[in-house]
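Analysis of the macromolecular model
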Amino acid sequence: MMPVVLWTDAMIFLLLATILAGAWHIRKWPHLMLPWQRVATSSMGMVSLLILSLFIMVGLLDSLHYRIALPDKNNGQTVYSAEVVSAFDALASGLKNRTEKTYSAPMAVYLYAKESMETPGGEILRDHPRLRFGGAHLQNIERDWLGDVVQKAVYGALAGLLLGVLLIAAVWILFLRQRGDHLPLPKITDSPRKALLITTLLLATFFGAVANLAASYHVLGTDKVGQDVLYLALKSIRTGLVIGTITTLVTLPFALLLGVAAGYFRGWVDDIIQYIYTVLSSIPSVLLIAAAVLMMQVTIEMHPEWFETSAARADVRLLSLCLILGLTSWTGLCRLLRGETLKLRELEYIQAAQSFGVSSPRIITQHIMPNVMHIVLIAMVMDFSGLVLAEAVLSYVGVGVDPSTMSFGTLINAARLEMGREPIVWWTLAAAFGFMLVLVLAANLFADVVRDAFDPRLSHKN
């Protein structure tokens, strides 16, 4: 096995390390901890964070890439496969490797379309063939299918519920050990803890049922080439997270530096920056992004020697899409930061610092930027869901990620043709819609809680 670090992998884990370092720093300062303590007291915030954490965990597992060593057939030299796989692929190998011939409906045991089949007596019939894997263990389908599905769902749900209880017990024991005997025990009936407890048990029960069913059936059906749609939807999570996070990192420096500079220096600096983001905002964003993506695609196609594997090429295209989205979407946050900086520079402590001869860079870094970071944080969290939806739209119109990269947009684009056939194939679109709905809804709810916690006016009322 040879580890492979793609560009987006490196940026994801760099972002993770930065977040952990920031969390460690915030713990040392009570005034920085206060807004996050307000977030922790919100049931909605903690439940949405739990759901987001599950998506993030899938994305991180799908970012641990490697290449498998092939059997030794090259005079003792180790040869590696050209296919780049991830830790998630290894864990979900049962879903990945169980491919059918073509479409099959969720929980089905037959192919979705009829085919010509020859009976033992030599007669040609048109019927639905049996699936290779879905329900292959059933002997009498009409008699055993419903009972088998119910039994596997119930057994899986009970196993998941048991694992959820064990997980909660382990976390509680670890919490008690770290807390010590001299502090009073927290009430488990408090609203956030109660909501987390109930949500964890419900999710564990649901995941247990789905996992047990997925071992014998295609829970969300299969696509045109027989791939499990549940596996494709789970693989799409990483793409959505990469688009939402890396694009935000690209947007942040432009918006922060230009917005603060325009608001603080005013005059000709403000005029130039306003002119830049006004012109950029006047260009239709979809056309601008499409033109940039098409130029990037031509460059990649003209230089295949730059990439060792097809995964590296697809990853560069994904990273380029993040850069293009970031370079074209910083204007809104820049405008907000400019307005906030115009207000801050007129406050008395800023005027006093200027009177004492404090340099402008020091005033900006020590007084302005710390007081606009709550706007930056709120905008980053709220823009995440919009960027996930933007990727889906761009991939749908054909200027998004590489076709070999699984994403919600590619699933929707594939479902566009499937919805027009007879019989209609609806489950690919439903799977992409369901996963996007849960991800975007959780991100929006968490963003609302973060906004309320960091808003000085709302915090003062509370």
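Just above, that's the structure.
In short, a report on the structure.

Remarks on the overall build of the protein
Check the secondary structure of the protein and you find 17 helices and five strands. Its C-alpha atoms give the protein principal-axis dimensions of about 100 × 65 × 55 Å. Burial analysis of the protein (462 residues in total) assigns 42% to the buried set. At a minimum sequence separation of 6, the contacts of the protein that also span at least 24 residues come to 72%. Surface exposure of the protein reaches about 25400 Å², of which carbon and sulfur atoms provide 67%. Here the protein carries 35 positive and 34 negative side-chain charges, and the mean point of each set is 7 Å from the other.

Concerning the packing of aromatic side chains
For any pair of aromatic rings, the description consists of the separation of the ring centres together with the inter-plane angle of the planes. Per the counting criterion, the structure on display carries six aromatic pairs. Aromatic side chains Tyr112 and Trp427 sit 4.8 Å apart centroid to centroid with 90° between the ring planes, which places their arrangement in the edge-to-face category. With a gap of 315 residues between them, Tyr112 in the loop between helix H5 (93-97) and strand S4 (115-118) and Trp427 in helix H16 (residues 427-454) connect regions that are remote in the sequence. Taking relative accessible area as the criterion, Trp427 reaches 1% and is therefore assigned buried.

Remarks on the packing of helix H1 (residues 7-26) against helix H8 (residues 229-265)
For the pair H1 and H8, interaxial distance at closest approach is 11 Å and the crossing angle is 65°. Classified by the angle between their axes, H1 and H8 sit roughly perpendicular to one another. Crossing of H1 over H8 shows left-handed handedness. Contacts from Thr8, Asp9, Met11, Ile12 and Leu15 of H1 reach H8 at Arg238, Val242, Thr245, Ile246 and Leu249. Looking at the contact of H1 with H8 residue by residue, the classes come out as six nonpolar, two polar and two charged.

Quick word on the side chain of Thr410
Within the secondary structure, Thr410 is located in helix H15 (residues 408-418). For Thr410, the side chain forms a polar contact with the main-chain oxygen of Ser407, separated by 2.7 Å. Not counting the four nearest positions on each side in its chain, Thr410 is found in contact with Ser395, Val401, Asp402 and Thr405.

Let's talk about the sheet that holds strand S3 (residues 80-86)
Here three strands make up an open sheet; going across it, the order is S1-S2-S3 and the pairing antiparallel. Across the chains shown, the open sheet's two edge strands, defined by having one partner strand only, are strand S1 (2-4) and S3. Taking the axes of each pair of neighbouring strands and ignoring which way they run, one obtains an average angle of 30° across the sheet. When strand S2 (residues 65-69) meets S3, the two strands line up antiparallel, connected through four bridges. Looking at S3, one finds that Arg67 is bridged to Val84.

Notes on the pattern of salt bridges
Applying the stated criterion across every chain yields a total of 10 salt bridges. Note that Lys96 is salt-bridged to Glu83, the shortest N-O span being 3.3 Å. With Lys96 in helix H5 and Glu83 in strand S3, this residue pair connects regions lying 13 residues apart in the sequence. Judged by relative accessible area, which is 23%, Lys96 ranks as partly exposed. One network of salt bridges, with partners in common, ties together Asp62, Asp89 and Lys235.

Calculation notes
- Residues numbered from 1 in each chain as written.
- Predicted model: local features only at pLDDT ≥ 70, side-chain atom pairs only at ≥ 80, totals over all residues.
- Heavy atoms only, no water.
- Helix = DSSP H or I, 4+ residues; strand = E, 2+ residues; numbered from the N terminus.
- Buried < 20%, exposed > 50% of the residue type's maximum accessible area, 1.4 Å probe, protein only.
- Contact = heavy atoms within 4.5 Å.
- Areas by Shrake-Rupley, 256 points an atom, 1.4 Å probe, with all protein chains shown as cover.
- Lys, Arg positive; Asp, Glu negative; His and termini not counted.
- Charge placed at Lys NZ, Arg CZ, Asp CG, Glu CD.
- Phe/Tyr/Trp six-rings, centres within 6.5 Å; stacked < 30°, edge-to-face > 60°.
- Axes fitted to C-alpha atoms, helices over the stretch in contact; angles between N-to-C directions.
- Parallel < 35°, antiparallel > 145°, perpendicular 65-115°, else oblique.
- Left-handed = near helix turned anticlockwise from the far one by under 90°.
- Nonpolar A, V, L, I, M, F, W, Y, C, P; charged D, E, K, R; others polar.
- Polar contact = N/O pair within 3.5 Å; in protein donor to acceptor, adjacent residues only side chain to side chain.
- Pairing = 2+ DSSP bridges.
- Salt bridge = Lys/Arg side-chain N within 4 Å of Asp/Glu carboxyl O.

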